[in-house]
Amino acid sequence: MMKLAFSTLGCPNWQWREIFAAAKDLGVDGIEIRGIEKEMYAPRVRIFDEANREATLEQLSQAGIALTQLTSGATLGMPDSPAAGRQEILDYVDMAQALSVPYIRVMISPQPGPEPVDLEQGKKLYQELCEYAKARGVCLLAETNGVLADSQVMAEFMEGTDPEAAGVLWDIHHPYRFFNESPEFTFQNIGPYVKNTHVKDSVLKDGKIAYRMMGYGDVPVFDALKILKTASYSGFITLEWVKRWNKELQEPGIVFYHYVSYMNYLMEQI
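Before going into details, it helps to say that this report is about the structure given with it.

The rules behind each value
Residues numbered from 1 in each chain as written. Predicted model: local features only at pLDDT ≥ 70, side-chain atom pairs only at ≥ 80, totals over all residues. Heavy atoms only, no water. Helix = DSSP H or I, 4+ residues; strand = E, 2+ residues; numbered from the N terminus. Rg over C-alpha atoms; globule rule 2.2 N^0.38 Å. Contact = heavy atoms within 4.5 Å. Areas by Shrake-Rupley, 256 points an atom, 1.4 Å probe, with all protein chains shown as cover. Buried < 20%, exposed > 50% of the residue type's maximum accessible area, 1.4 Å probe, protein only. Phe/Tyr/Trp six-rings, centres within 6.5 Å; stacked < 30°, edge-to-face > 60°.

**Some remarks on the overall build of the protein chain**
Moving on, step 1. Looking only at helices and strands, the protein chain features nine helices and 10 strands.
Moving on, step 2. Taken over the C-alpha trace, the protein chain has a radius of gyration of 17 Å; the compact-globule value for 270 residues is 18 Å, and the two agree within 12%.
Moving on, step 3. Once local pairs closer than 6 in sequence are excluded, the contacts in the protein chain between residues at least 24 apart make up 77%.
Moving on, step 4. For the protein chain, the exposed surface amounts to about 12,200 Å²; the carbon and sulfur share of it is 49%.

**So, the environment of His198**
Moving on, step 1. With respect to the helices, strands and loops of the structure, His198 is situated in strand β7 (residues 194-199).
Moving on, step 2. The class of His198 is buried, set by a relative accessible area of 0%.
Moving on, step 3. Along the sequence, His198 and Leu169 sit 29 residues apart, while their C-alpha atoms lie 7.2 Å from each other.
Moving on, step 4. Contact partners of His198, with chain neighbours within four places excluded, come to Glu32, Gln69, Glu143, Leu169, Trp170, Asp171, Ile172, Thr238 and Glu240.

**Here's the deal with the packing of aromatic side chains**
Moving on, step 1. A complete count under the given rule lists six aromatic pairs for this structure.
Moving on, step 2. Here Phe6 and Phe256 contribute two aromatic rings whose centre-to-centre distance is 4.3 Å and whose plane-to-plane angle is 25°, an arrangement assigned as stacked. One end of the pair, Phe6, is in strand β1 (residues 3-7); the other, Phe256, is in helix α9 (residues 252-269), with 250 residues separating them in the sequence.
Moving on, step 3. We classify Phe6 as buried; its relative accessible area is 1%.
Moving on, step 4. Where Tyr126 meets Phe157, the ring centres are 5.5 Å apart and the plane angle is 35°; that geometry is what we call tilted.

Next comes the structure, spelled out in structure tokens:
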């Protein structure tokens, strides 16, 4: 059975106690870490440091809430900064091992849409980092963003990777919005690699993306859910509400509640 989670990207002004309380009250199964308050670099978040880690994990365990993923900002395909991306992933892997978090998100480039990258460099660095992650029981998930939102390019990128340490984070929005792919087409190409998902909704307004609460855009989320269920996917469906980058978006208290209600409704219809 698929499980629901939200990313902390959607609640940039909330303290940990508010994040945890919302997750518990809404009955979600997991929380994805992408910044807490002003700190974006997860290894520097105080509630996860050595002094506080045990108490935080106990709090989550008692509530039945998982830490689903550490979502790094590391980019592996930008020609001018491979070293920075590499060090960030090493730090995140060590943190994930300490917290028993299974997945870390990596990107080929920082923008959701396509931009010039060095795919050969990105693939080489990805495989090197996957070896480091595998030895620590962690899996690196390449997100369908940038040129890797083209599912055919992603499928080629994933060829020859170690399935124990590598996989795909399927952001359902990006292949549809940037490459006009149907969920069926995307999943045909990358289905065997998908281990985690992101969802968000949007419309095109005057040629630009305008994010909407779930169900108020035209992203075919329901189609994707049906495909995932047919494939016996039992992982997380995580709302990535990009509030941190778009301050004008609705507040998380409203959006998260609507997300849970809407997704539960959709899953009842499958």
